[in-house]
Amino acid sequence: MLKKKLFAKFLFFFIIFNSNLLASEKEFLHVDWSFKGFTGKFDRSSLQRGYQVYNEVCAACHSMNLLSYRNLGEPGGPEFPINEVKNIASSFEVTDGPDDQGEMFTRPGRPSDKFVSPYPNVNAATAANGGAYPPDMSVLVKSRKGGADYIYSVLMGYEDPPANIKLDDGVYYNKYMDGNKIKMSKPLMDDIISYADGTKATEMQMAMDVTTFLTWAAEPHLEARHKMGIKVMIFLIILTVLVYLSMKKIWSRVDSEM
Ligand code: HEC
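This write-up is about the structure you can find in this document. Just so we're clear, the structure is a prediction, and the values are computed from it rather than from any experiment.

1. Notes on the nonpolar core
- Within the largest apolar cluster, 36 residues are counted, with the highest numbers of intra-cluster contacts made by Ile151, Ala207, Val210, Phe213, Leu214 and Ala217.
- Those elements giving two or more residues to this core turn out to be helix H2 (44-56), helix H3 (82-90), helix H6 (147-156) and helix H7 (203-218).
- Of all the elements, H7 adds the most residues to this core, at nine residues.
- Each residue touching Val210, except ones within four places of it in the same chain, is listed here: Gly50, Val53, Tyr54 and Cys58.

2. Here's the deal with the site of the ligand
- The full set close to the ligand counts 20 residues, and Cys58, Cys61, Pro134, Lys183 and Met184 are the nearest of them.
- Considering each element in turn, the shell around the ligand owes the most residues, three residues, to H6.
- Considering only residue class, the shell around the ligand consists of 16 nonpolar, two polar and two charged.

3. Digging into unusual backbone geometry
- For the peptide bond that leads from Gly97 to Pro98, omega is 0 degrees, which places it in the cis range.
- Tracing the sequence through the fold places Pro98 in the loop between strand E1 (93-96) and strand E2 (105-108).
- Unlike most non-glycine residues, Asp191 shows phi in positive territory, near 65 degrees.
- Here Asp191 is to be found in the loop between strand E4 (181-182) and H7.
- Note on Asp191: 11 C-beta atoms within 10 Å, which makes it exposed.

About the thresholds
Residues numbered from 1 in each chain as written. Predicted model: local features only at pLDDT ≥ 70, side-chain atom pairs only at ≥ 80, totals over all residues. Core = buried A, V, L, I, M, F, W, Y, C linked by C-beta atoms within 7 Å. Buried ≥ 20, exposed ≤ 12 C-beta atoms within 10 Å, placed from the backbone. Helix = DSSP H or I, 4+ residues; strand = E, 2+ residues; numbered from the N terminus. Contact = placed C-beta atoms within 7 Å. Near = placed C-beta within 6 Å. Nonpolar A, V, L, I, M, F, W, Y, C, P; charged D, E, K, R; others polar.

Structural data, given as structure tokens:
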């Protein structure tokens, strides 16, 4: 009896908790991401395009301090061929040193270098953006409620403000930001870049690709984790069958004596 009550309570809170989760996520735009779910995988070409969007648009303001160029060639990520990773890295100028004379110098980037930041420090970044810091994007998807849906929604959420709302210079109306205000001008417009693979660069396409790229950056081992999960499930199913069969076998004599 007690057990039944406990179970009922558990079920009750489980349902309430889950419906809360659903309710709070519903406010964001919802995309059927390929990486969601138990067997989810990243779309390789979307990751590669997403890097292009980050590099050509977002990297002007947002750093990604935790990533190195070599990560772009690793399994489970955009998987650029090694030559391309070297080309990407060497297209950046990296400050290194000090040399024999104690001077800092610049050289072309190498795959082992971290992504180059647009600003030397947080204060410089904040000062250049009207007093708002463009957050580092390495783990942004994981650190925001709503994750990928949230990022996508912010990118697609720019609208003209309702008539009763006055916005200061450098402040924009966005449906999905807290307070509906954001100090980032709308970053994506149709055809602001041209994709290396020929895909049409619509606003929506770029928003999806860059969000996919940012999700991978925040969770580079997602695919490996999903693969391991499937192996564990198969193992558990086999184990359950074996345990069931041995139980049958062990109790079979007891049955026959009854
Ligand atoms: C001109 C500079 C600039 C560019 C380019 C830019 N951003 Fe931003 N971004 C900002 C600033 C500044 C903020 C902080 C806004 C605020 O706090 O009001 C911001 C905030 C954001 C946020 C909200 C972060 C949070 O704290 O929840 C997201 C998401 C975002 N940017 C994504 C992007 C993406 C994706 C791109 C590229 C497609 C991009 N941004 C390009 C300056 C920029």
